[in-house]
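Spelled out, the chains give:
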Amino acid sequence: MTKKMSMSTSKTSLVLFLCQIISALDVPLDLSQPPTITQQSPKDYIVDPRENIVIQCEAKGKPPPSFSWTRNGTHFDIDKDAQVTMKPNSGTLVINIMNGGKAEAYEGVYQCTARNERGAAVSNNIVIRPSRSPLWTKEKLEPNHVREGDSLVLHCRPPVGLPPPIIFWMDNAFQRLPQSERVSQGLNGDLYFSNVQPEDTREDYICYARFNHTQTIQQKQPISVKVFSMDSLNDTIAANLSDTDIYGAKPVTERQPVLLTPTGSTSTKVELRGNVLLLECIAAGLPTPVIHWIKEGGELPANRTFFENFKKTLKIIDVSEADSGNYKCIARNALGSVHHVISVTVKAAPYWITAPRNLVLSPGEDGTLICRANGSPKPSISWLANGVPIAIAPEDPSRKVDGDTIIFSHVQERSSAVYQCNASNEYGYLLANAFVNVLAEPPRILTPANKLYQVIADSPALLDCAYFGSPKPEIEWFKGVKGSILRGNEYVFHDNGTLEIPVAQKSNAGTYTCVARNELGKIQNEVQLEIKDPTMIIKQPEYKVIQRYGQVSFECIIKHDSTLLPTVTWLKDNDELPDDERFLVGKDNLTIMNVTDKDDGTYTCIVNTTLDSVSASAVLTVVARPNPPFDLELTGQLERSIDLSWIPGDENNSPITSFVVEFEDALHEPGVWRYQTEVPGTQTMAQLKLSPYVNYSFRVIAVNRIGRSQPSEPSEQYLTKSASPDENPANVQGIGSEPDNLVITWEPLKGFQSNGPGLQYKVSWRQKDVDDEWTSVIVANVSKYIVSGTPTFVPYEVKVQALNDLGYAPEPSEVIGHSGEDLPMVAPGNVQVHVINSTLAKVHWDPVPLKSVRGHLQGYKVYYWKVQSLSRRSRRHIEKKILTFRGNKTFGMLPGLEPYSSYKLNVRVVNGKGEGPASPDKVFKTPEGVPSSPSFLKITNPTLDSLTLEWGSPTHPNGVLTSYTLKFQPINNTHELGPLVEIRIPANESSLILKNLNYSTRYKFYFNAQTSVGSGSQITEEAVTIMDEVQPLYPRIRNVTTAAAETYANISWEYEGPDHANFYVEYGVAGSKEDWKKEIVNGSRSFFVLKGLTPGTAYKVRVGAEGLSGFRSSEDVFETGPAMASRQVDIATQGWFIGLMCAVALLILILLIVCFIRRNKGGKYPVKEKEDAHADPEIQPMKEDDGTFGEYSDAEDHKPLKKGSRTPSDRTVKKEDSDDSLVDYGEGVNGQFNEDGSFIGQYSGKKEKEPAEGNESSEAPSPVNAMNSFV
């Protein structure tokens, strides 16, 4: 429930506009003008006789006016009265009462006159009356003796005061007497009792009159009321009469209504227009009458009608002539009704229709003064000029009186005067001053220059141009410095000069010019208009329902003009937030912690700026579990039922959905409360069914959506009478625990089900289908009885009947039970096995005779176990398996058998006691099946054209192996498979050497075993023939060299291992414990330039390969050069250095040519072409010892590689040969190892996007790169 309120600026603008209309008629005070009364005392002026009397009369004019007074129609000479003074530059009189004067001496009618050379203005007739608060006249008040049920009126009759006092009734302790429909105070101050009750007896009914003007309270003598009840009156009469007398006052009799006020059936009421109409009807009667009001022939006016004093007073505010008519009050009780009609007439003192307004005319102009008023009766209009009746005032040829209008023609300066219009009837008068001021003045603009107006977009903009001039100037508006005159429907031009833009937009902002001109001159003024964005609440607070002690938050996110500073205020129920630290006001939210019931209400977010205000409200409803019911009452007590009623507790803003009634049996289960019933939440009474011999107490729990209330206080206890049991035990069963007994069990009755003392059970049984009598026994309050000596597993009829000291329960129903079971005596016969396949068999048997089961047939169990495998004569541990087949089933399936095996089985019958004897063991065999896959397949000893395969026989041959099948096919560089070759291998073989294979080729192998049934599942492997007869090289990085400069260092290294490794360089300050910094090398190059180093600093460096776990070079240490002066010559720009580098480059080129020729002459393998096709164009591997490219040619090239020229760090293991462990490098990204340790991944083909692999013997930096490292 979210509501949004927005305080528009239009109302403010309208008020400003009205003020501007008035001010536009004002003559600037620096110009000559007749007097104008600006302040005066009220017409009916009641003064405090203890304070000085101040009669106000203020006026303005040019020249400043002088003042004079009349009292009771004659001149009041204040100079002759020392108690009266007139304030300087004012007409206000001060009558000094506090220094000896008496207010009564100055009662009268006063009128003030303000006069200057241009005319005279007069005030209203001001009636001065001092307030009066007289004392109550002493009177002897007799006690009021009233019979119970009669009506009573206690009269107040306060003294007549001025103004009339406020009446109220109190007791001696100054506590207001309670009032109700039965007892209430009338408009005249009397206290009315529609009927008296014994509690009305008291001796301190006191009427008080409070006179607000003098701030005094007068007290009437206390009034005593004694109410006689019928019971006490009968006791009094009985005490004075003999036993034989007939006595007894009549009981209190009910009476139909009678009106105490007003009396009669009709009355009249006259009220003046605009006043408050009060009509009253107070009635006596028993029961207390209820008052209703109607208007005959019409409806009571909506929004102006109110009922007070328990509907005994009808109040209509701001009455008008339309409210005249007949108003009927009706007093009604159960015995009848009475009514009274009040005829209301609304009269009216004079009120203005058109009051005369000041006229400012230039010489020669025409004008009119209009004075129109209305009233009931219609008022008469009279004119005065300068306070003198116009009939005897000096004549003015330019003036003509026409009833309520004075017409002026061709006025001259001498025509200036003040005219008074008097409209009067018998209920009052109106007096208005209006001057005629004849002036010749050029225009003037009264609005300050360059005034800034700021308004909110889409709201009215009112630009003021207050002006004066005579003749009246014409007003024109322009926008901008050279703008054209403003016209059209977009603008509204008011008579007071104001320019209104009804719906201001951003485009309306700017400078506006107001021009005023008449025949005597012209003047202009500029004002500025700024349009601001409206303030908006873009995220309003939302209706929230929160549980007590929870936390709730209201959002109030605003958007406003950036030039306006908003203030956000939160209200609760239109009042300030409670001063409580639980209320947290954030930037755009209000959070209430630990919510309580008092926080329930409406929360309003108000956003104010200097130009607008917006607000949004949301309701917070605090919910909680209901309060417990109370005032539990038991009624309608019967032997088997009772009525329980209660009063619901507070539902805590969540409607009660149901009431749960619980009971306690103090006789059988004291302190234990059990569920009785549940009724809807709209019901506050329940009829409860009762059991005999229970001492009941009840309690009620209220339930709403939040949860359950606390239980109510327990009701009074109610003990029901004893009776014989209504029901018998439930769940009666007869089941034997031994072959020769019958155990009869039942669920005992609960305590409240016993219905009386001495609860026992009659247990009866007899063998079924045998003509036997019932055998019975009476047992105590137990739940079991055992019958011994019964035949094995025979049916019995069983029943259990409850009884107590008052009799038996109804005849119980019979149940069928059985005596105890014994183990079955016979094994199933004719057991047959049908083998379906190598893993599944079906077993059949004949059922046993039911009599031999000696119990409930539960089913058959098949025990089966594997004796041995027919393919392997070795015996193993026998593990028996059991399958159970429920019911009287005579066959079953045996799944999960092992092929080519010998099994045994037997069958047994099962009852509730256990298993019977086993049938003779039945032997059956399963046929052969397909074997499992070979246990392993290894490919070893790769050569240029051969591979050795080794395998293990299947773990589960499932028969006699007949052979093995090997299939293989080559895989090219794009992972496409070549032709498939199949070889059949005898079953007694366990290895095979494949010859005549292609060198450097990857093969995929498929291998499986066969029995006579078929082929088993296959195992697959892949292997690669080698490229050359050299030993495989294992990855390593060595000979890390550095060439350091001032802020950079060239790092180079040698790499041995699978091609196309991804390198990285790690470095750090030597001796520092900081983490290594890591730089990735682009491509597979073997050099890198470290930049951004600190001059004169020792660094440590090492090189690693991505994807080769733990594969790094040894550390090297270098030091950057010291910082050099900026004028140091760069060696790279020197001619001698350039020449030297050219010579080195030429020498390297010659070496490359020689190496190429040698390679073509030697015994080379075609794999070299593959290497050239995939080689990095920037980096070609070189042999370290002779500078040629790495190849696989002669055996002499396979000698151990030499170590680098630089000394490794202490942590480097120094060995002449490469003896790194295969474990260290086996997981590299470019190489793989076979199961026997052979390296098989050097020449395998890759996808086109992957780098080609090779097996160069060494890798040195490219000569070009080496040269670049020195530049």
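In this text the structure is predicted, and so the values were computed from the model without any measurement. (Residues numbered from 1 in each chain as written. Predicted model: local features only at pLDDT ≥ 70, side-chain atom pairs only at ≥ 80, totals over all residues. Heavy atoms only, no water.)

**Brief notes about the overall build of the protein chain**
Counting its secondary structure elements, the protein chain contains seven helices and 93 strands. For the protein chain, the residues scored as buried account for 43% of the 1271 residues in total. In the protein chain, of all internal contacts separated by at least 6 residues, the share reaching a separation of at least 24 is 66%. As displayed, the protein chain has an accessible area near 66600 Å², and 51% of this comes from carbon and sulfur atoms. (Helix = DSSP H or I, 4+ residues; strand = E, 2+ residues; numbered from the N terminus. Buried < 20%, exposed > 50% of the residue type's maximum accessible area, 1.4 Å probe, protein only. Contact = heavy atoms within 4.5 Å. Areas by Shrake-Rupley, 256 points an atom, 1.4 Å probe, with all protein chains shown as cover.)

**Observations regarding the sheet that holds strand β60 (residues 656-665)**
Pairing in this open sheet of four strands is antiparallel, and the strands run β61-β60-β63-β64 from one edge to the other. Strand pairing shows two members of the sheet lacking a second neighbour, β61 (669-680) and β64 (718-719), which therefore form its edges. Here nine bridges tie β60 to strand β63 (residues 695-704), and the two strands are oriented antiparallel to one another. Within β63, the position partnered with phenylalanine 659 by the bridge is alanine 702. (Pairing = 2+ DSSP bridges.)

**A look at the pairing of β63**
Counting buried residues along β63, ten of its ten residues qualify, which places the element largely inside the surrounding structure. Neither face of β63 is exposed, since Asn695, Ser697, Arg699, Ile701 and Val703 on one face and Tyr696, Phe698, Val700, Ala702 and Asn704 on the opposite face are all buried. Taken together, the two bridges between β63 and β64 define a ladder with antiparallel strand orientation. From the neighbouring strand, asparagine 695 faces β64, where its bridge partner is leucine 719.

**A look at the side chain of aspartate 561**
Along the chain, aspartate 561 turns up in the loop between β51 (557-559) and β52 (567-572). At 2.8 Å, the side chain of aspartate 561 and the backbone nitrogen of aspartate 533 are in polar contact. Aside from chain neighbours lying at most four places away, what touches aspartate 561 is Lys506, Lys532 and Asp533. (Polar contact = N/O pair within 3.5 Å; in protein donor to acceptor, adjacent residues only side chain to side chain.)

**So, the confidence of the model for the protein chain**
On average, the protein chain scores 84 in pLDDT, and the residues at 70 or more come to 84%. Contacts from residues 241-249, a stretch scored under 50 in pLDDT, to residues over four places away or in other chains number eleven contacts. The model gives residues 1162-1271 a pLDDT under 50, and that stretch makes 229 contacts with residues more than four places away or in other chains. (pLDDT = per-residue confidence, 0-100.)

**Observations regarding the state of the cysteines**
Enumeration according to the criterion identifies six disulfides in this entry. There is a disulfide in this structure between cysteine 156 and cysteine 207, and the S-S distance comes to 1.9 Å. Between cysteine 156 and cysteine 207, the S-S dihedral sits near -70 degrees, and the bridge is therefore left-handed. Taken together, the residues cysteine 156 in the loop between β14 (152-154) and β15 (166-170) and cysteine 207 in strand β18 (residues 202-211) connect sequence positions 51 residues apart. In terms of burial, cysteine 156 and cysteine 207 fall into one category: buried. Here cysteine 465 connects covalently by a disulfide to cysteine 514, the sulfurs 1.8 Å from one another. Across the disulfide from cysteine 465 to cysteine 514, rotation about the S-S bond amounts to roughly -65 degrees, and the bridge is consequently left-handed. Residue cysteine 465 is located in the loop between β41 (461-463) and β42 (467-470), and its partner cysteine 514 is located in strand β46 (residues 510-518); the two are separated by 49 residues in the primary sequence. (Disulfide = S-S within 2.5 Å.)

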